[in-house]
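Chains, contacts and geometry: an overview
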Amino acid sequence: MIENGWWSKARKLPSPNYDQRPNVEIDALVIHNISLPPNQYGTGQVQRFFQNQLDCNEHPYFESLRDVRVSAHMFIERDGDVTQFVSFNDRAWHAGKSVLSGASDCNNFSIGVELEGCDDQSYSDTQYEALLKLTQAIMLTYPSISVDRIVGHSDIAPERKTDPGRAFDWQRYRKSINQTPLGEP
């Protein structure tokens, strides 16, 4: 399901915002949220943002994103559609200044998954289903990623970030991982 760092079930939309990982093991998964403009869904703006194609004159909020260059490996929309921007084998620019278990710069060793959403609005059932399938595929390919190495952006950058937010149901997500045998999402 994952070949050369690309998940076969995702739409491929390569971002220029990545570089090579240092010679380290991929052993963490970071869950984020994003919506552009904030709290608006299905706009296509997240995809444009990760590809440096966002028209910053289109919405007042976008001015704050001018010249910002970021990406995530994956983006899961409200309807469950999944887009991949960066190969898992490469370093996406999703975590920023971050620390996990004493190791800084989490981009070096983590995979970043963005959920279309915001901190205080429930995520859709189809997003949880897509996230489970993706997580299972990632854990099969990168066995050093265990359930305890799946974290939120807020866990690795608590002074700066709050995502995926209080609306993300960690108990539901972790329970689904633990109840679904690897290879059978």
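Residues numbered from 1 in each chain as written. Predicted model: local features only at pLDDT ≥ 70, side-chain atom pairs only at ≥ 80, totals over all residues. Heavy atoms only, no water.

1. Some words on the packing of aromatic side chains
Counted by the stated rule, this structure contains nine aromatic pairs. Summarising the aromatic geometry, the rings of Phe50 and Phe85 are spaced 5.1 Å apart at their centres and angled 80° between planes, so their arrangement reads as edge-to-face. Here Phe85 lies in the loop between strand S7 (82-84) and strand S8 (90-92) and Phe50 lies in helix H1 (residues 45-50), a separation of 35 residues in the sequence. Like Phe85, Phe50 is buried. Measuring from centroid to centroid gives 5.7 Å for Tyr123 and Phe168, while their planes differ by 75°, and the two rings are edge-to-face. With Tyr123 in the loop between strand S11 (110-116) and helix H2 (125-141) and Phe168 in the loop between helix H3 (153-156) and helix H4 (170-179), this residue pair connects regions lying 45 residues apart in the sequence. (Phe/Tyr/Trp six-rings, centres within 6.5 Å; stacked < 30°, edge-to-face > 60°. Helix = DSSP H or I, 4+ residues; strand = E, 2+ residues; numbered from the N terminus. Buried < 20%, exposed > 50% of the residue type's maximum accessible area, 1.4 Å probe, protein only.)

2. Brief notes about the side chain of Ser124
By the element assignment, Ser124 lies in the loop between S11 and H2. Using a relative accessible area of 17% as the deciding quantity, one classes Ser124 as buried.

3. Observations regarding the pairing of S11
Two faces belong to every sheet, and in a regular strand the side chains alternate between them. Burial runs high along S11: seven of the seven residues are buried. Residue alternation in S11 divides its side chains into two sets, Ser110, Gly112, Glu114 and Glu116 and Ile111, Val113 and Leu115, and both sets are buried. For strand S5 (residues 28-34) and S11, the ladder comprises seven bridges, and the chain directions are parallel. Paired with Ala28 across the strands is Ser110, a residue of S11. Where strand S6 (residues 74-76) lies against S11, three bridges are found, and the strand directions are parallel. (Pairing = 2+ DSSP bridges.)

4. Focus on empty space enclosed by the protein
Enumeration over the complete set of coordinates arrives at one cavity of 30 Å³ or more. Empty space within the largest cavity amounts to approximately 40 Å³. If you trace the largest cavity, you find it lined by Leu36, Gln40, Gly42, Thr43, Gly44, Gln45, Val46, Gln47, Phe75, Glu77 and Glu116. Its residues assigned to classes, the lining of the largest cavity shows three nonpolar, six polar and two charged. (1 Å grid on protein atoms, 1.4 Å probe; cavity = no way out; pocket = protein on both sides within 12 Å on 5 of 7 lines; lining within 4 Å. Points joined across faces, edges and corners; volume = space filled by probe spheres on them. Nonpolar A, V, L, I, M, F, W, Y, C, P; charged D, E, K, R; others polar.)

5. Section: the pattern of salt bridges
Applying the stated criterion across every chain, the model contains five salt bridges. The salt bridge involving Arg91 is made with Asp19; its shortest N-O contact spans 2.6 Å. With Arg91 in strand S8 and Asp19 in strand S4 (residues 18-20), the pair connects residues that are 72 residues apart, well separated along the chain. With its nearest N and O atoms 3.0 Å apart, the salt bridge here joins Asp125 to Arg172. Taken together, the positions of Asp125 in helix H2 and Arg172 in helix H4 put the pair 47 residues apart, joining distant regions of the chain. A relative accessible area of 46% means that Asp125 is categorised as partly exposed. What makes Arg172 partly exposed here is its relative accessible area of 33%. (Salt bridge = Lys/Arg side-chain N within 4 Å of Asp/Glu carboxyl O.)

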